[in-house]
Amino acid sequence: MSAASALQAAIVARLAGDAALSAKIGPGGIRERRIDRRDGPAIVIVEIDSRDVSTGTEAGEEHLVTLQALSAEGGMKTVQAIASYVRRLLDNAGLVLSGAVLVSMFHRRTVCRRDAALKGHVADMVFRAVTE
């Protein structure tokens, strides 16, 4: 399993294992792809952009992880609340990865906007993670 795959699995486990988040987004609300569904909030793993940051003595990767919080109803406040909660769960999280070690994971930015195709709002959240 690559470090990116292990990171994705750990993120999904962390989000899916939180009862308060599950209450906010409902069952099946954490997805690895966007589904053309407009019946409730969700969190989608949009992208993991990985780069080699190995040194002369240690192998390493930098991962920019983009998650998207979707809200077909409830407007900007709903998607902001979901994004804020996800940030608390993942920013500086001590995730355990299979086959790799997470050195750090920090929130870089969140952009909230209206999505005409969804007829709702989205929050694009970017996290930077470093693995060895």
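Located above this text is the structure these notes cover.
All residue numbers refer to position in the chain's written sequence, counted from 1. Note on the predicted model: pLDDT of at least 70 is required for a residue's local features to be given, and 80 or more for side-chain atom pairs to be given and counted; whole-chain, interface and lining totals, by contrast, use all residues. As a rule here, side-chain values cover all heavy atoms of the structure and leave hydrogens and water aside.

Asks: In this structure, what is going on with the overall build of the protein chain? I would like to understand it.
Replies: Secondary structure follows DSSP: runs of H or I at least 4 residues long count as helices, runs of E at least 2 residues long count as strands, and numbering of each begins at the N terminus. For the protein chain, the count of helices and strands is three helices and five strands. Each radius of gyration reported is based on C-alpha atoms, and the globular scaling rule is 2.2 Å times the count of residues to the power 0.38. At 15 Å, the protein chain has a C-alpha radius of gyration in line with the 14 Å of a compact globule built from 132 residues. On the principal axes, the C-alpha backbone points of the protein chain span a range of 50 × 25 × 25 Å. When accessible area is computed with a 1.4 Å probe and restricted to protein chains, residues below 20% of their type maximum are described as buried, those above 50% as exposed, and intermediate ones as partly exposed. Counting the 132 residues in the protein chain, one finds 44% classified as buried. Across the protein chain, the fraction of contacts at a sequence separation of at least 24, relative to all contacts at a separation of at least 6, is 59%. In this description, accessible areas are obtained by the Shrake-Rupley approach with a 1.4 Å probe, and a residue is regarded as covered only by the protein chains that are shown. Here the protein chain has roughly 7,000 Å² of accessible surface; of this, 49% comes from carbon and sulfur atoms. Measuring between centres, the 17 positive side-chain charges of the protein chain sit 10 Å from its 15 negative side-chain charges. Any two residues having at least one pair of non-hydrogen atoms within 4.5 Å are treated as being in contact. Neither His nor the chain ends is counted toward charge; the positive residues are Lys and Arg and the negative residues Asp and Glu. Charged groups are reduced to one reference atom each: NZ for lysine, CZ for arginine, CG for aspartic acid, CD for glutamic acid.

Asks: Please explain the sheet that holds strand β4 (residues 102–115) as it appears in this structure.
Replies: The strands that make up a sheet are held in pairs by hydrogen bonds between backbone atoms, and each pair lies either parallel or antiparallel. At least two bridges found by DSSP between two strands are what make those strands a pair. Taking strand neighbours across the sheet as the criterion, the five strands line up as β1-β2-β3-β5-β4 in an open arrangement whose pairing is mixed. Unpaired on one side and paired on the other, β1 (30–31) and β4 mark the two borders of the sheet. Both strand β3 (residues 61–71) and strand β5 (residues 120–131) contribute to a ladder of 11 bridges, which runs antiparallel. Residue Thr-66 lies in a different strand from β5, and its bridge partner there is Val-126. Those strands touched by helix α1 (residues 3–16) are β1, β2 (42–52), β3, β4 and β5, and its axis lies near 35° from that of β3. Interaxial angle, 0 to 180 degrees, is taken between N-to-C directions of lines fitted to C-alpha atoms, where a helix line uses only the stretch in contact. Each of β2, β3, β4 and β5 is contacted by helix α3 (residues 75–90), which is oriented at about 15° to β5, the strand it contacts most.

Asks: What am I meant to see in α1 here?
Replies: Residues separated by three or four positions in an α-helix point in the same direction, a consequence of the helix having 3.6 residues per turn. Under the convention used throughout, the expected extent of a helix is 1.5 Å for every residue step, that is, one less than its residue count. End to end, α1 covers 20 Å across 14 residues, agreeing with the expected 20 Å (1.5 Å per residue, within 8%). Every buried residue of α1 is accounted for by Ala-3, Ala-4, Ala-6, Leu-7, Ala-10, Ile-11 and Leu-15. Projection of α1 onto a plane perpendicular to its axis shows the buried side chains occupying an angular sector of 165°, all on one side. For this quantity, the arc is that covered by the directions from the helix axis to the C-beta atoms.

Asks: Where do I start with the packing of α1 against α3 in this structure?
Replies: How two helices pack is summed up by the angle between their axes together with the distance between the axes. Direction vectors running N to C along α1 and α3 enclose 120°, while the axes themselves pass 10 Å from each other. If you check the angle between α1 and α3, you find them oblique. The element α1 and its partner α3 pack so that their crossing is right-handed. Residue-level contacts link Ile-11, Arg-14 and Leu-15 of α1 to Val-86, Leu-89 and Leu-90 of α3. Residue classes follow a fixed rule: Ala, Val, Leu, Ile, Met, Phe, Trp, Tyr, Cys and Pro count as nonpolar, while Asp, Glu, Lys and Arg count as charged, and any other residue, Gly among them, counts as polar. Per-class residue counts for the contact of α1 with α3 are five nonpolar, no polar and one charged. Relative orientations are named as follows: roughly parallel for angles under 35 degrees, roughly antiparallel for angles over 145 degrees, roughly perpendicular for angles from 65 to 115 degrees, and oblique for any other angle. Should the near helix be turned anticlockwise from the far one by less than a right angle, the crossing is termed left-handed; should it be turned clockwise, right-handed.

Asks: Any chance you could explain the nonpolar core here in plain terms?
Replies: Note on soluble globular proteins: their nonpolar side chains tend to be buried together. If you look at the biggest cluster of nonpolar residues, it comprises 30 residues, and the most contacted ones within it are Leu-7, Ile-11, Leu-15, Leu-67, Val-86, Leu-95 and Met-105. For this core, the secondary-structure elements that each account for two or more residues are α1, α2 (19–25), β2, β3, α3, β4 and β5. The dominant element in this core, judged by the number of residues it contributes, is α3, at seven residues. Residues in contact with Leu-7, not counting those within four places in the same chain, are His-63, Val-65, Leu-95, Leu-97, Leu-102, Met-105 and Ala-129. Think of a nonpolar core as a cluster: buried Ala, Val, Leu, Ile, Met, Phe, Trp, Tyr and Cys residues, connected wherever their side-chain atoms sit within 4.5 Å. Judged by nonpolar contacts, the second largest core, of five residues, contains Ala-42, Val-44, Leu-70 and Leu-118.

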